[in-house]
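What follows is each chain in one-letter form.
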Amino acid sequence: MQKALVYFALGTVVSFLINYFFLSSQNMGLDFYYAIAFGFAWGLAYYLDTPDFTLPKKLGLSFAAMGVLVLIGALIFNLELAIPSILKFSTVFVAYYLIASFRGSKSLRN
């Protein structure tokens, strides 16, 4: 769990810094929200990367996390601005498991 929180924190910080320095949008709050979505995806993917979770449970938890991201984004900003957080989340989530699939253990934890 601690390492998953490290993945979350690092993913959030790196994503925010990239958005802030290289993309420089006008809304720092929105940049931070997207960075949290990015970090949340890395942290959750790492946390779920264990044989204790079945594939349906991993998919269900990832869809629930996307729902929470959209709900929070819609409440803070609006639905139109919240939707890109799902794209960031799902891209990172799929990338994590794609990278893991190239390993013999099919996990980045081992």
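Note that this is a predicted model, so its numbers are computed, not measured.

## Description of the nonpolar core
Thought 1: Core analysis: the largest hydrophobic core is formed by 20 residues, its most contacted members being Tyr 33, Leu 44, Leu 48, Leu 69, Phe 89, Phe 93 and Tyr 96.
Thought 2: Elements with a contribution of two residues or more to this core: helix H2 (28–48), helix H3 (55–76) and helix H4 (79–101).
Thought 3: Residue contributions to this core peak at 10 residues, all from H2.
Thought 4: Excluding anything up to four places from it in sequence, Tyr 96 contacts Tyr 7, Trp 42, Ala 45, Tyr 46, Asp 49 and Leu 108.

## Description of the packing of aromatic side chains
Thought 1: Enumeration over the complete set of coordinates arrives at 13 aromatic pairs.
Thought 2: Here Phe 89 and Phe 93 contribute two aromatic rings whose centre-to-centre distance is 5.5 Å and whose plane-to-plane angle is 15°, an arrangement assigned as stacked. One end of the pair, Phe 89, and the other, Phe 93, are both in helix H4, four residues apart, so they sit about a helical turn from each other. In terms of burial, Phe 89 and Phe 93 fall into one category: buried.
Thought 3: Seen from their ring centres, Tyr 96 and Tyr 97 are 5.2 Å apart, and the 75° between their planes marks the pair as edge-to-face.
Thought 4: You can call Tyr 96 buried: its relative accessible area is 0%.
Thought 5: An aromatic cluster is built from Phe 38, Phe 40, Trp 42, Phe 89, Phe 93, Tyr 96 and Tyr 97, whose rings are joined through pairwise contacts.

## Examining a nonpolar patch on the surface
Thought 1: A cluster of nonpolar residues, Val 13, Val 14, Leu 17, Ile 18, Tyr 20, Phe 21, Phe 22, Leu 23 and Met 28, forms a patch on the protein surface that exposes about 930 Å² of accessible area.
Thought 2: Residue contributions to the nonpolar patch peak at eight residues, all from helix H1 (residues 2–23).
Thought 3: As for its position among the elements, Tyr 20 is in helix H1.
Thought 4: For Tyr 20, a relative accessible area of 37% translates into the label partly exposed.

Definitions and limits used
- Residues numbered from 1 in each chain as written.
- Predicted model: local features only at pLDDT ≥ 70, side-chain atom pairs only at ≥ 80, totals over all residues.
- Heavy atoms only, no water.
- Core = buried A, V, L, I, M, F, W, Y, C linked by side-chain atoms within 4.5 Å.
- Buried < 20%, exposed > 50% of the residue type's maximum accessible area, 1.4 Å probe, protein only.
- Helix = DSSP H or I, 4+ residues; strand = E, 2+ residues; numbered from the N terminus.
- Contact = heavy atoms within 4.5 Å.
- Phe/Tyr/Trp six-rings, centres within 6.5 Å; stacked < 30°, edge-to-face > 60°.
- Patch = residues over 30% accessible without salt bridge, like charges linked within 9 Å, V, L, I, M, F, W, Y side chains within 5 Å.
- Areas by Shrake-Rupley, 256 points an atom, 1.4 Å probe, with all protein chains shown as cover.
- Salt bridge = Lys/Arg side-chain N within 4 Å of Asp/Glu carboxyl O.

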